[in-house]
Amino acid sequence: VLFVFFAANGIALSLIVERQEGTLRRLFCSPAPPSQILMGKLMARGVLAAIQTTMLFAIGAVMFHLTLGSSVLGILLTAIGTIFAATGLGLLIATFGKTPEQVAGMTTLALFMMGAVSGCMVPRMLLPESMQRFSLITPHAWALNAYQDIMLRQLPLSQTLVNIGMVYVFGAVFYGFALARFKYES
């Protein structure tokens, strides 16, 4: 989950560079609404994150005999939701910075803080109960719950739909705030 969220850095940096070079200004002169332009950016980086996720699962299967658990559909939905949340976060972070350096710093800080709190760096089960509840402020924790339900606990998809749904909610919120804040001017 943490590795997928590194896609946020790439999308944020690409938007800042395009803003500085004037590419976004030209795009916004087209008849496409800003939401479609940003969704296109999100989808382009999402494809890269999907390739990354596929490679991680393939390496896990070959080197560690990883199995996909009880629901391949659940794994797919969780992976797509995680990619959506990561790219949405990247779009949102891009709205707060003016330079690539600012955006890189903000993204790194956000990703490591979220990774530490969520259970990506230390298993949530080892955290105090209050910290486990607090970790749910991140999409990472919900995605981890979904993956664990399907792959480790062998639960059916229906029993982890709330976890998967929350990952999509985070993505929609990130994307919505990014769209509301986004300015194409340099």
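Scroll up to find the structure.
Predicted model, so just to flag it, every value in this text is computed and none were measured.

(A) Focus on the pattern of salt bridges. Applying the stated rule across the entire model yields 3 salt bridges. Its salt-bridge partner being K41, residue E18 comes within 2.5 Å of it at the nearest N-O pair. Taken together, the positions of E18 in helix α2 (residues 7-21) and K41 in helix α4 (residues 34-64) put the pair 23 residues apart, joining distant regions of the chain. Considered together, E18 and K41 belong to a single accessibility category, that of buried residues. A salt bridge links E129 to R133, with the shortest nitrogen-to-oxygen separation between them at 3.4 Å. Taken together, the positions of E129 and R133, both in helix α7 (residues 129-134) and 4 residues apart, correspond to about one turn of that helix. Of the residues examined, E129 reaches a relative accessible area of 49% and is grouped as partly exposed.

(B) Region of the structure containing a nonpolar patch on the surface. Residues F3, F6, L56, F112, M121, V122, M125 and L126 make up a contiguous nonpolar surface patch of about 820 Å² in total accessible area. By secondary structure assignment, the location of L56 is in helix α4. With a relative accessible area of 39%, L56 lands in the partly exposed category.

(C) Region of interest: the packing of aromatic side chains. With the rule as written, the count across this model stands at 5 aromatic pairs. Taking 6.0 Å as the distance between ring centres and 25° as the angle between the ring planes, the aromatic pair formed by F28 and F182 counts as stacked. Here F28 is found in helix α3 (residues 23-28), whereas its partner F182 is found in the segment after α9 (161-181), with 154 residues between them in sequence. For F28, a relative accessible area of 18% corresponds to the buried category. Of the residues examined, F182 reaches a relative accessible area of 11% and is grouped as buried. Here F170 and F174 contribute two aromatic rings whose centre-to-centre distance is 6.0 Å and whose plane-to-plane angle is 50°, an arrangement assigned as tilted. Of this pair, F170 and F174 both sit in helix α9, 4 residues apart, roughly one helical turn.

(D) Representation of the packing of helix α8 (residues 139-152) against α9 within the structure. Closest axis-to-axis distance for the α8/α9 pair is 8 Å, and the angle between their directions is 155°. When the axes of α8 and α9 are compared, the pair comes out roughly antiparallel. Classified by chirality, the crossing of α9 by α8 is left-handed. Every residue of α9 that contacts α8 at P139, W142, A143, N145, A146, D149 and I150 is listed here: V162, N163, I164, M166, V167, F170 and F174. Counted by class, the contact of α8 with α9 contains 11 nonpolar, 2 polar and 1 charged residues.

Each value, and the rule that gives it
Residues numbered from 1 in each chain as written. Predicted model: local features only at pLDDT ≥ 70, side-chain atom pairs only at ≥ 80, totals over all residues. Heavy atoms only, no water. Salt bridge = Lys/Arg side-chain N within 4 Å of Asp/Glu carboxyl O. Helix = DSSP H or I, 4+ residues; strand = E, 2+ residues; numbered from the N terminus. Buried < 20%, exposed > 50% of the residue type's maximum accessible area, 1.4 Å probe, protein only. Patch = residues over 30% accessible without salt bridge, like charges linked within 9 Å, V, L, I, M, F, W, Y side chains within 5 Å. Areas by Shrake-Rupley, 256 points an atom, 1.4 Å probe, with all protein chains shown as cover. Phe/Tyr/Trp six-rings, centres within 6.5 Å; stacked < 30°, edge-to-face > 60°. Axes fitted to C-alpha atoms, helices over the stretch in contact; angles between N-to-C directions. Parallel < 35°, antiparallel > 145°, perpendicular 65-115°, else oblique. Left-handed = near helix turned anticlockwise from the far one by under 90°. Contact = heavy atoms within 4.5 Å. Nonpolar A, V, L, I, M, F, W, Y, C, P; charged D, E, K, R; others polar.

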